[in-house]
Amino acid sequence: MNPETGNLKQEASQTDESEIKNRKSKIVHPAQLEGTVKVPGDKSISQRVAMLASLADGTSKVTGYLNGEDARSTLSAMEQMGAKAEFKDDVLYITGVAGELQTPLEPLDMGNSGTGTRLLAGIVAGSGIEASMIGDDSLSSRPMGRIRHPLELMGASIGLTGKRGTLPMMIAGGNLKGIGYLLPMASAQVKSCVLLAGLFADGKTTVVEPRPTRDHTEKLFQALDLPIAINGLEISIEGFGKTGPRYKARDFVVPSDFSSASFWIVAVAARPGAELVIENVGLNPRRTALLDVMKRMGADIEVTVTEAKGDPIGNIKVCGAQLKGTVIEGDEIPNLIDELPILAVAGALAEGQTDIRDAAELRVKESDRIAEMVKNLKLFGVEVEEKEDGMIVTGPTQLKTPDAVIDSHGDHRIAMSVAILNTFSDGPITIDKVGCVDTSYPEFWQHMEALGGRVG
Ligand code: S3P
């Protein structure tokens with residue numbers, strides 16, 4: 001395939017479809033939420049499992065796989081490259097290609113998934129097949145130069161034909177060599193991309209992180225006995241050369257997604273008198289910094305670990321209280337990066353200032369989450385100051401129901417954060433383009449109603 005003129009004929013129709021779907025809107029009423037809930041499978045782990053099980057020899061049984069759009073896009077991409085996937089009674093069976101990925105006949109449509117795109121780019125670049133990747137409007141505006149750079153240093157050829165280092169992306173790899181790479185930003189996606197490519201390189205690949213980020217890739221490599229060495233912020237993988245690693249299929253259990261749980265944690269923690277239990281949540285320490293922050297804010301949260309082997313899994317009990325502001329910065333940021341929109345909501349309800357710093361990465365997520373949250377909080381009458389790398393929110397606010405329709409900008413976490421915010425206001429709001437919620441939490445609206453919310 002010519003990296004500049006790759007086959008993109010499907011692009012227009014797929015993008016139209018996702019735009020139509022995304023246009024749906026929801027009316028959310030104020031309500032006290034409480035009860036018991038189990039949120040769907042972890043998005044980060046599901047997609048990594050889809051990739052690694054697809055490379056394995058044999059059939060892996062995957063319990064708890066997220067049936068959301070991002071995880072489905074990644075799975076479909078793996079099927080386009082030869083893996084077989086089948087759901088039977090909510091259990092997913094993935095039959096891998098035993099290291100022999102096939103060249104896809106059409107572009108891989110990664111939908112909204114940054115994780116799928118960036119991690120899979122590492123595998124495709126390593127395995128030596130050629131593929132192109134496309135995505136929806138949001139994904140097509142996200143920076144991909146951050147993976148092109150290390151993959152090109154390893155010897156892959158990466159074409160980014162979007163306007164500013166963005167999708168569509170054409171990848172032609174093979175014959176990679178191991179590199180030492182100092183990550184320019186704290187990103188688990190970039191780290192994982194390089195480590196996955198490193199599996200197919202000649203020699204050792206080492207990445208050094210500026211701050212600790214989620215380590216699901218490393219944990220899965222360990223579970224599969226792949227030769228990974230972790231020394232603080234330095235992670236190395238011994239490459240298997242262009243044929244890649246050979247390993248047997250195995251069973252995987254995906255825990256519930258802590259990031260999805262965080263919406264209910266804040267909804268209840270900030271409401272004195274309310275009580276809620278979230279069951280079976282993944283408690284990987286690189287994902288749960290929100291719990292530390294909420295406790296600093298005065299939240300009443302109790303965690304009971306039900307499974308301590310490997311990454312802990314447990315139940316989270318939350319009792320409502322008056323929260324107070326805090327500073328969120330530094331090493332904490334990557335470990336709650338996806339929870340910052342809902343933490344901004346907590347800040348609006350807390351007494352005093354909640355100061356979010358060192359979070360410029362938020363500007364290149366599914367939307368510019370700093371700009372979007374600042375704009376939305378202001379619509380509710382919240383005092384908030386936008387900073388280049390975060391925001392300062394001053395509360396508590398007597399929320400006023402905005403007249404304007406809220407635009408999610410196709411960002412699932414913005415849509416869900418605003419929905420939770422409005423449970424504390426005094427009237428209904430309309431949130432537009434809520435189809436995006438399906439990417440990580442298709443049952444969100446149903447669960448909101450089951451917990452006492454009113455959604456129309
Ligand atoms: C993810 C890592 C984070 C996070 C994203 C999922 C992952 O992105 O925001 O939702 O699964 O590795 P970065 O690592 O780029 O910050």
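Residues numbered from 1 in each chain as written. Predicted model: local features only at pLDDT ≥ 70, side-chain atom pairs only at ≥ 80, totals over all residues. Heavy atoms only, no water.

So, the side chain of Arg-214
Structurally, Arg-214 is set in the loop between strand E11 (204-208) and helix H7 (216-223). The exposure class of Arg-214 is buried, given its relative accessible area of 9%. Excluding its chain neighbours within four sequence positions, the residues that come into contact with Arg-214 are Ser-44, Arg-48, Ala-188, Lys-191, Arg-286, Arg-287, Asn-335, Ile-337 and Asp-338. (Helix = DSSP H or I, 4+ residues; strand = E, 2+ residues; numbered from the N terminus. Buried < 20%, exposed > 50% of the residue type's maximum accessible area, 1.4 Å probe, protein only. Contact = heavy atoms within 4.5 Å.)

Some thoughts on helix H11 (residues 369-379)
Among the residues of H11, those classed as buried are Arg-369, Ile-370, Glu-372, Met-373, Val-374, Asn-376 and Leu-377. Contacts made by the buried residues of H11 are with helix H10 (340-349), strand E20 (383-387), strand E21 (390-395), strand E22 (406-407) and helix H12 (412-422). Capping the start of H11, Asp-368 holds a side-chain oxygen 3.2 Å from the backbone nitrogen of Ile-370, two or three residues further along. Within two residues after H11, Gly-381 carries a phi angle of roughly 85°, on the positive side. (Polar contact = N/O pair within 3.5 Å; in protein donor to acceptor, adjacent residues only side chain to side chain.)

Structural notes on empty space enclosed by the protein
Taken as a whole and assessed by the stated rule, the structure comprises one cavity of 30 Å³ or more. One number sums up the size of the largest cavity: a volume of about 70 Å³. Every residue lining the largest cavity is listed: Asp-42, Ile-45, His-216, Pro-255, Ser-256, Phe-258, Gly-282, Leu-283, Asn-284, Arg-287 and Asp-311. (1 Å grid on protein atoms, 1.4 Å probe; cavity = no way out; pocket = protein on both sides within 12 Å on 5 of 7 lines; lining within 4 Å. Points joined across faces, edges and corners; volume = space filled by probe spheres on them.)

Some points on the site of the ligand
Taken together, Lys-43, Ser-44, Arg-48, Thr-115, Ser-187, Ala-188, Gln-189, Arg-214, Ile-337, Asp-338 and Lys-365 are the residues near the ligand. The contact in question runs from an oxygen atom of the ligand to an N or O atom on the backbone of Ala-188, over 2.6 Å. Between the ligand and Asp-338 there is a distance of 2.6 Å, counted from an oxygen atom to a side-chain nitrogen or oxygen. Relative to its free-state accessible area of 380 Å², the ligand is covered by the protein chains to the extent of 97%. Of all the secondary structure elements, the ones that give two or more residues to the shell around the ligand are helix H2 (43-55) and helix H6 (188-198). Grouping the constituent residues of the shell around the ligand by class yields two nonpolar, four polar and five charged. (Near = heavy atom within 4 Å. Areas by Shrake-Rupley, 256 points an atom, 1.4 Å probe, with all protein chains shown as cover. Nonpolar A, V, L, I, M, F, W, Y, C, P; charged D, E, K, R; others polar.)

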